[in-house]
Each structure stands twice: as C-alpha cells, then as structure tokens.
Amino acid sequence: MPSVRRRTRTIQVVTGVAMTGALLLTGCGGDESGPAATTTKKPARPTTIAQQTGERKPAAATVSVDDMRFSPAEVTVKVGDTVTWKFDDKAPHTVQGIGDKAMGINSPILDKGEWSYTFTNPGTYRYLCSLHPEMRGSVTVE
C-alpha cells in the first residue's frame, strides 16, 4: 500500500502548490485589494466648483446672505454658470432647494464663508433658508 500513500501525498502537494499560486495571483486579498478598493463614487452632478474641477472660477452671480435675507433675491444666469452665496450674518443660514427640480441645491449651515452651485439645466430654481423659511430666493437659468 505504500504507492497509494505516495499518490495521496503527491496530490496533496500539487493541490497546495496550486492553491499558493492562486493566492499569489489574486494578491491574497481577492477583491478587497488593488485599485478597486480605493475607487470612490463620484457625484452624478457636481454641486460645487471644487467638486467639479478642483479649481475656482468666477461666479456668474453672487448672492449675499446677511441681515436675514438673500440679496438679490432673484438672479438670472446661463446653463453651466455658477452662483455663489456669500454668508456674512450673525445667524446661521442654508441654501435649500424647493421642489424636485432643485433637490441638489443643499448648502451646509453657514454664518460666514461661501457656497457655490453650478446650474447644468435651464429652468427656474426656487430656494429658501431651511432655518428661516421666510428667507427665499430664485435662480433662473436660461
């Protein structure tokens, strides 16, 4: 029966070598290693200049957020233009889109600083401050 043991041992060694080679080829981690593990999803439609290009370009329109109001309350821009809201108030505010069309318009809560949004489709986009709903404005994109 020694030949049966040798065959079994030979099969075990060959199987072990094959498994080791397979592990080396897959990087020992399967799908969790390599470039796929570091890839992140990009937003379907960038909402800020920094997300879109990594650079700042001049805003087509600037809206001041101070004294509990958006000024001007209505602006008109072209498709692809960027609107920047500049916050400078004692109270914190947001820019929150109203309705399905304006769902992507959603700034963080700010009392100082600025936030920008690039408009990629024509239409009228209404917004408000979610903390002060009486503060309202609109952007018309031609």
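Everything quoted here is computed from the prediction, not taken from an experiment. (Residues numbered from 1 in each chain as written. Predicted model: local features only at pLDDT ≥ 70, side-chain atom pairs only at ≥ 80, totals over all residues. Heavy atoms only, no water.)

Colleague: Which parts of the structure should I look at to understand the overall build of the protein chain?
Modeller: For the protein chain, the helix and strand inventory stands at three helices and eight strands. The secondary structure elements of the protein chain, listed N-terminal to C-terminal, are α-α-α-β-β-β-β-β-β-β-β. Taken across its 142 residues, the protein chain has 28% of its residues classed as buried. In the protein chain, of all internal contacts separated by at least 6 residues, the share reaching a separation of at least 24 is 52%. (Helix = DSSP H or I, 4+ residues; strand = E, 2+ residues; numbered from the N terminus. Buried < 20%, exposed > 50% of the residue type's maximum accessible area, 1.4 Å probe, protein only. Contact = heavy atoms within 4.5 Å.)

Colleague: Please explain the pairing of strand S7 (residues 123-129) as it appears in this structure.
Modeller: With five of seven residues buried, S7 is to be regarded as a mostly interior element. Bridge count between strand S5 (residues 96-97) and S7: two bridges; the pairing is antiparallel. The residue of S7 that forms the bridge with Gly97 is Tyr127. Bridge count between S7 and strand S8 (residues 132-141): seven bridges; the pairing is antiparallel. Following the sheet pairing, Leu128 is matched in S8 by Arg136. (Pairing = 2+ DSSP bridges.)

Colleague: Help me understand the side chain of Thr84 in this model?
Modeller: Checked against the element boundaries, Thr84 lands in strand S4 (residues 82-93). Leaving out residues up to four positions away in the same chain, Thr84 has contacts with Ala59, Ala61, Thr62, Val63, Glu114, Trp115 and Ser116.

Colleague: What should I look at first to understand the confidence of the model for the protein chain in this one?
Modeller: The predicted structure's coordinates, where accompanied by low pLDDT, should not be read in detail. Across the protein chain, pLDDT averages 73, with 59% of residues at or above 70. Under a pLDDT of 50 for its full length, residues 7-54 has, in the predicted model, 26 contacts with residues more than four places off or in other chains. (pLDDT = per-residue confidence, 0-100.)

Colleague: What is the right way to read the environment of Leu110 from this model?
Modeller: Tracing the backbone shows Leu110 in strand S6 (residues 110-118). Look at Leu110 and you get buried, because its relative accessible area is 19%. Between the C-alpha atom of Leu110 and that of Asp88, which follows or precedes it by 22 residues, the distance is 8.6 Å. When neighbours within four sequence positions are excluded, Leu110 is seen to be in contact with Phe87, Ala91, Pro92, His93 and Trp115.

Colleague: How should I be thinking about the sheet that holds S6 in this particular structure?
Modeller: Where strands meet in a sheet, backbone hydrogen bonds hold them as pairs that are either parallel or antiparallel. Within the open sheet, the four strands sit side by side as S2-S1-S4-S6. Their pairing is mixed. If you trace the sheet from one side to the other, it starts and ends with strand S2 (69-71) and S6, each paired once. Strand after strand, the sheet turns through a mean of 15° between neighbouring axes, direction not considered. Strand direction decides the pairing type here: S4 and S6, joined by eight bridges, are antiparallel. Bridged to Phe87 within S6 is Gly113. (Axes fitted to C-alpha atoms, helices over the stretch in contact; angles between N-to-C directions.)

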